[in-house]
Amino acid sequence: VQLVESGGGLVQPGGSLRLSCAASGFSSGFSFSSYVMSWYRQAPGKERELVAGISGAGGTTNYADSVKGRFTISRDNGKNTVYLQMNSLKPEDTAVYYCKARRITVDYWGQGTQVTVSS
């Protein structure tokens, strides 16, 4: 599975960004909806942390406490894409954001996209 993130950039505190992750190259017999999708982030000097996750059909989501009420994860299985809408951004949201696909116990990662929140 190949994952390509986009949408990162520089934004002022309080601003918004929408990240996208396009998936392709699924295993034979499986489609995008077979994969649980997640967004992680890693700030300089810190461990990678889970930001949000979404089930294959999109009916179940979960969020880190630090982003609840500000970030929204969604997916479009017809476009093989998962999104992360980020509102009310804070400087502490600055990190490289990674997309992950999981089926059973196998994980696939994207290359990451930089998000910088600064005035």
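Okay, so let's go over this structure. Every value quoted in this text rests on a predicted model; they were computed, and no experiment measured them.

1. Here we look at the pairing of strand β1 (residues 2-6)
Item 1. Taking every second residue as pointing to the same face, the buried face of β1 carries L3 and E5, while none of Q2, V4 and S6 on the other face is buried.
Item 2. Taken together, the 5 bridges between β1 and strand β3 (residues 17-24) define a ladder with antiparallel strand orientation. Following the sheet pairing, V4 is matched in β3 by A22.

2. As for the side chain of R70
Item 1. Among the structural elements, R70 can be located in the loop between β6 (61-63) and β7 (71-76).
Item 2. Take R70: its relative accessible area is 10%, and that puts it in the buried class.
Item 3. Only 2.9 Å separates the side chain of R70 from the backbone oxygen of S66, close enough to count as a polar contact.
Item 4. Dropping the residues within four chain positions of it, R70 is found in contact with Q85, M86, N87, S88, L89, K90 and D93.

3. Considerations on the pairing of strand β5 (residues 49-54)
Item 1. Here strand β4 (residues 36-42) pairs with β5 via 5 bridges, running antiparallel. From the neighbouring strand, W39 faces β5, where its bridge partner is A52.
Item 2. Hairpin connection from β4 to β5: 6 residues lie between these consecutive antiparallel strands, with G45 at a positive phi of about 75°.
Item 3. As judged from the 3 bridges shared by β5 and β6, these two strands associate in the antiparallel manner. Bridge pairing links I54 to T61 in β6.

4. Looking at the sheet that holds β1
What links the strands of a sheet is backbone hydrogen bonding, and the strands pair in either a parallel or an antiparallel sense.
Item 1. Pairing within the open sheet is antiparallel, and its 4 strands lie in the order β1-β3-β8-β7. Looking at the sheet topology across the chains shown, the edges are occupied by β1 and β7. Averaged over all pairs of adjacent strands, the angle between strand axes in this sheet comes to 15°, irrespective of strand direction.

Cut-offs applied
Residues numbered from 1 in each chain as written. Predicted model: local features only at pLDDT ≥ 70, side-chain atom pairs only at ≥ 80, totals over all residues. Heavy atoms only, no water. Buried < 20%, exposed > 50% of the residue type's maximum accessible area, 1.4 Å probe, protein only. Helix = DSSP H or I, 4+ residues; strand = E, 2+ residues; numbered from the N terminus. Pairing = 2+ DSSP bridges. Polar contact = N/O pair within 3.5 Å; in protein donor to acceptor, adjacent residues only side chain to side chain. Contact = heavy atoms within 4.5 Å. Axes fitted to C-alpha atoms, helices over the stretch in contact; angles between N-to-C directions.

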